[in-house]
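A structural walkthrough
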Amino acid sequence: MCSSILIWLYCICKLDSCVVCVSPEEERRVRANDREYNEKFQYASNCIVTSKYNVITFLPVNLFEQFQEVANTYFLFLLILQLIPQISSLSWFTTIVPLVLVLSITAVKDATDDYFRHKSDNQVNNRQSQVVIHGSLQKEKWMNVRVGDIIKLENNQFVAADLLLLSSSEPHSLCYIETAELDGETNMKVRQSLSVTAELGDPNSLASFDGEVVCEPPNNKLDRFCGLLCWRDCKYPLSNHNMLLRGCVLRNTETCYGLVIFAGPDTKLMQNSGRTKFKRTSIDRLMNTLVLWIFGFMVCMGVILAVGNAVWEREVGSLFQSYLAWDLPVDNFLFSAFLSFWSYVIILNTVVPISLYVRSGILYLLINWDRKMFCPQCNTAAEARTTTLNEELGQVEYIFSDKTGTLTQNIMSFSKCSINGHAYGDGWGHVSRDLGQQPPSLNFSSFNPLADPDFCYYDNGLLKSVKLGDLHSHEFFRLLSLCHTVMSEEKKEGELMYKAQSPDEGALVTAARNFGFVFRSRTPGTVTVTELGRPVTYTLLAILDFNNIRKRMSVIVRNPEGRIRLYCKGADTLLFERLHSSNNHLVNITTDHLNEYAGDGLRTLALAYRDLSEEQWEEWSERHRQADRATDCREDRLADIYEHIEQDMMLLGATAIEDKLQEGVPETIAILSLANIKIWVLTGDKQETAVNIGYSCKMLTGDMTEVFIISGNTVLSVREELRRWERVALRGDKQQQCPPPPGPPAPRPPSSTTLDSISGEFALVINGHSLAHALEADMEGEFVSTACVCRAVICCRVTPLQKALVVELIKKHKKAVTLAIGDGANDVSMIKTAHIGVGISGQEGIQAVLASDYSFSQFRFLQRLLLVHGRWSYLRMCRFLCYFFYKNFAFTMVHFWFGFFCGFSAQTVYDQYFITLYNIVYTSLPVLAMGIFDQDVPEQRSLEYPKLYEPGQLNLLFNKREFFICITQGIYTSVVLFFVPYAILSHGTQGTGEPLADYQTFAVTTATALVIVVSVQIALDTGYWTAINHFFVWGSVGSFFTIMLAMHSQTLFSIFPNQFHFVGSAQSTLVQPLVWLTIVLATVICIVPVLAFRFLKLDLKPQLSDTVRYTQLVRQKTRKPAGRCMGGVRFGGVPEGRLGARCGFRRSGYAFAHQEGFGELITSGKNMRLSSLALANFASRHSSSWIDTLRKKKHSNTHPPQNGSGQKPRSNSTPVVQT
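A brief look at the structure comes next. (Residues numbered from 1 in each chain as written. Predicted model: local features only at pLDDT ≥ 70, side-chain atom pairs only at ≥ 80, totals over all residues. Heavy atoms only, no water.)

**What about the overall build of the chain?**
Along the chain, the regular secondary structure elements total 42 helices and 35 strands. Expressed as a percentage of the 1219 residues in the chain, the buried residues total 56%. By sequence separation, contacts in the chain at least 24 residues apart represent 75% of the contacts at least 6 residues apart. (Helix = DSSP H or I, 4+ residues; strand = E, 2+ residues; numbered from the N terminus. Buried < 20%, exposed > 50% of the residue type's maximum accessible area, 1.4 Å probe, protein only. Contact = heavy atoms within 4.5 Å.)

**Digging into the side chain of Arg-871**
Along the polypeptide, Arg-871 turns up in helix H29 (residues 861-899). Accessibility expressed as a relative area gives 6% for Arg-871, which makes it buried. Polar contacts involving the side chain of Arg-871 include one to the side chain of Asp-936, which spans 2.6 Å. Once you skip the residues sitting within four places of it in the chain, Arg-871 turns out to touch Gly-394, Leu-866, Asp-936, Val-937, Ser-942, Leu-948 and Tyr-949. (Polar contact = N/O pair within 3.5 Å; in protein donor to acceptor, adjacent residues only side chain to side chain.)

**Structural notes on the packing of aromatic side chains**
Across all of its chains, the model carries 61 aromatic pairs by this definition. A ring pair is formed by Phe-41 and Tyr-43, whose centres lie 5.3 Å apart and whose planes are at 15°; its orientation type is stacked. Overall, Phe-41 belongs to the partly exposed group, its relative accessible area being 35%. Stacked on the ring of Tyr-37, the Lys or Arg Arg-31 has its end atom at 3.8 Å from the ring centre. Between Lys-887 and the ring centre of Phe-884, over which it is positioned, the NZ or CZ distance is 3.9 Å. (Phe/Tyr/Trp six-rings, centres within 6.5 Å; stacked < 30°, edge-to-face > 60°. Lys NZ or Arg CZ within 6 Å of the ring centre and 35° of its normal.)

**Digging into a nonpolar patch on the surface**
A cluster of nonpolar side chains, Ile-304, Phe-900, Phe-901, Phe-979 and Tyr-982, forms an exposed patch at the surface whose accessible area comes to about 450 Å². Looking at the element boundaries, Tyr-982 is found in helix H34 (residues 960-985). On the accessibility criterion, Tyr-982 (35% relative accessible area) is partly exposed. (Patch = residues over 30% accessible without salt bridge, like charges linked within 9 Å, V, L, I, M, F, W, Y side chains within 5 Å. Areas by Shrake-Rupley, 256 points an atom, 1.4 Å probe, with all protein chains shown as cover. Salt bridge = Lys/Arg side-chain N within 4 Å of Asp/Glu carboxyl O.)

**Remarks on helix H19 (residues 634-645)**
Helix length check: H19 (12 residues) gives 17 Å between terminal C-alpha atoms against 16 Å at 1.5 Å per residue, within 8%. Listed in full, the buried residues belonging to H19 are Leu-638, Ile-641, Tyr-642 and Ile-645. Down the axis of H19, the buried side of the element spans an arc of 100°, and every buried residue falls inside it. Residues of H19 that are exposed and point over 90 degrees away from its buried face: Asp-636 and Asp-640. (Expected span 1.5 Å × (residues − 1). Arc of directions from axis to C-beta.)

**A short note on the packing of helix H20 (residues 665-674) against H29**
H29 packs onto H20 with a crossing angle of 25° between their chain directions and a minimal axis gap of 9 Å. By the angle between their axes, H20 is roughly parallel relative to H29. Where H20 crosses over H29, the handedness of that crossing is left-handed. Contacts between H20 and H29 pair Thr-668, Ile-671 and Leu-672 from the former with Leu-862, Gln-863, Leu-866 and Leu-867 from the latter. Tallied by class, residues from the contact of H20 with H29 come to 5 nonpolar, 2 polar and no charged. (Axes fitted to C-alpha atoms, helices over the stretch in contact; angles between N-to-C directions. Parallel < 35°, antiparallel > 145°, perpendicular 65-115°, else oblique. Left-handed = near helix turned anticlockwise from the far one by under 90°. Nonpolar A, V, L, I, M, F, W, Y, C, P; charged D, E, K, R; others polar.)

**Here's the deal with the sheet that holds strand S8 (residues 212-215)**
Judged by pairing direction, the sheet is antiparallel, and its 4 strands sit side by side in the order S1-S8-S9-S10 without closing on themselves. The two strands at the open ends of the sheet, each matched to only one other strand, are strand S1 (28-31) and strand S10 (234-238). On average, adjacent strands in this sheet sit at an angle of 20° to one another, irrespective of strand direction. Bridge count for strand S9 (residues 227-231) against S10 is 5 bridges, and the pairing is antiparallel. Looking at the pairing, Leu-229 lines up with Tyr-236 of S10. (Pairing = 2+ DSSP bridges.)

Set out below in structure tokens:
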């Protein structure tokens, strides 16, 4: 029957998921304005579903998921057994009540989670769009849009599906979109329709359009599209440049029309989202194993008791047959033993803790209500979008982070520059440096009425140079105002809004605007600039666009006087090679400036120009036209033509741009590193940008032993580089700054255990092409071994799929808990692959948030999510589990011992109502309060001592060893609770001389002692007391006495004489002094060994949390008055948990502060203050050593090892104390 139910549930679950299954497409054919033709292919509708259930499937699907838990299936089986009268000695409600309660609570929690998914889906599906139907525009909900429909989009509207752009209101049928929902980038991108469809600009002409598109099937590649448009007997190639993807927002474009190619789940946005996965924590997986062990232990106990029953019935019970015959159908002692086995399986069922699977769902509210994770700028609070992964937050070892929009704000600003050998941008005077004051920003409004009021710059020397008419400064900003692809929108006079493809370009054009060279507008052939108040229109002759190979862009313009000039900006390494030889001295000076800027983590570009004669331009223009018309190798021909003209240029200078980090990123990364969490950055940006950000956020530092660069383009070169760097790491040669020259084939790589013993700090940088080879099956092990030696890993130019593969690789080889954090649709696959997914909410879109388990608006909140909420959740869950196993074994094993004294008759020790209420009422609320509110140290200390996080990574607080300790303690308690009352009461008498040795007195005494002992035990286990804890712990004891007295009252017995058999037992038992003496003695015998063990452990081998609590007490007793100074350090002047500022600082361009960051100081531990030397020694001796020993032991037993750092414990493993 049980198996039939499960099969029925499974079939219904599969039915729901298989309804929409169709054969995979090989190609897609879409005919415009022909729904009947397109419906033949059964393309998906535009309705999206991210929820797991609906009204019909919720009950069967949810029950099927819940019965995957071993305990739930086991209790269903027990319920069936209890319906057999010959077996069950307990009423059916003792099992069905807790089972239904557990299933109901879990179902309500799952339904609540899914309700919010439905709400989000409905909000999106009910958006309105305008569809061309029979020559007119009609409003349709997004869910009703079909493949082949033509949709009209207006400015600032979301794109409803993946569209082929047909026409636009902009010149040349251009269209500007923002792709924040897809890749987290807020900069604008350009799309263009085919010229043959550009004239289809009204509904009537579009209604007659009958073109057919043949293209690739649905896929998740955001940057690729391949297809053909067949129309009027001609075929036109289509590319990603002609597509508008769902999730984009139309910007700076009045209207456009598009043909729906992919809809709903077939869109690239949804293809990257993947299916909602059911995530299970490592504790959940361990629990299933432990429950099987417990089940096996229970079967062994049942077998022992059944054998005892057989022996007893044969040797003793047979003597009673004449007046106490066996009940039918029992006819021999073997069959009696068989039935006895199943009876004991039912009685001992409470040893399997079903209620453990009900997690404290309220824990997610603690995250949602945390005001310290609320961002007032975004008006966004942290949100826990799941209720099942909280304890996993306390076990994270690897964090995989996107860069743009996650670590950075993706906001660029002009910081410094070098013009003709003069450096500008260091606006900090010596007085300001010494006083730690920031100078006021320059006021540009009086000099330039068109200046951007939000632009900040501090060096007055550059403004003076422009005002004094310095020609080099003028030419520098003229280049910035002309050499770009920015679009300008001027709604009214003087209010300019720039839309740039790259935020770098936007920052440079804005800088030129403020210094008097204001880009106003452009046409396909002209660029209009206001130069120091004078409007000037340049003829745009050519744009030599940027790409990843050229790493530069140029424009050729003719000024009103007729002079032709090429302006170029790009990477200094490439641009310096193309300068005229007369620039050598200036190149040396500018290189020094660029090195200084790069050291500050700024993004740099070099600027140059070249004058062209009319003959040179005409000759080059003709060659350019020929290359542009070439049908073969067009890109290579154009690159050669560009290379020819970009020679013999004159250097103007260089720019340095700040890529503003989010607030607190360096500090967060430094503290997470101290917690032994490895951070990998997976970004689609180029290597130079990613490395710059790595230095800015202190992932990469100048004092690292080595930064490994993997840039091979073939399998062999990547393997050779990996092995070469492994040898470098083994040698630890700090003097080696470059890889050794290629030699003979590298030997086999060293073992993972050897790599783990490496001392030193390393970092790894690898690009997407090399990563593709490194992820191959025969090389992934070497890549993981090398990467996990490094403290930081940066993967550049990676695709969304590669991000997910890297996460999966670490999950596979390291068996570590992973967390992925991102903000765009290109991060969704990574977020769903990791054990825990975190979405950054805010201006970058919501796709990552919708796919995430947790969301907030700033990367810095990750520190609090893991070190405070995660660590507390793990601690609470571990204590919750340990106590639950303890109390259930203490409760259940009494039945086992009683079996030897009741003829193995499956008689229960307790009243059946006590058995029912024990886990539901008497012991549930105290452990629930502990699971919600308990904490070993305050939140400030959790952040001060990142090493407190390591026990969760090593599974120290709940593992198989801790499990056996808990059940051993529970068995010991059961022995005391049974044999102490048995020994005392068997010879005890009442005050009247009547004996106390009766079954009901023994049952009441044992039950009372049990409730008191487990209540005292949880009081000892609770580390943080609140009024709720007190109420639940002592209230549960009070409720036990109240309910027991009511159950044993004459009133209930008179109403239900067949149900309440213990009438008057409690009243007569609890008035006996000997009973209370027995209860007190049993309690003392159970609790005193626990207290003695804990005191010895605290004295001989304290944990780091014990040290921190001791520190807390010392700090409270020796706290200095506020403002008092000791040793030059001001105590009490800095709030708890905050870092003081350095007296002197150097201006850094990044957003976290206009000063040097604290990441390096935190990493070194130099700015952490000890309360006393003795305390430091105590902490070092008793805190870090045991963790490091266990970590080494764990490495030796795991291949590859779980700790990927491969480093010896550094000095920061010693706890630091900030006073």
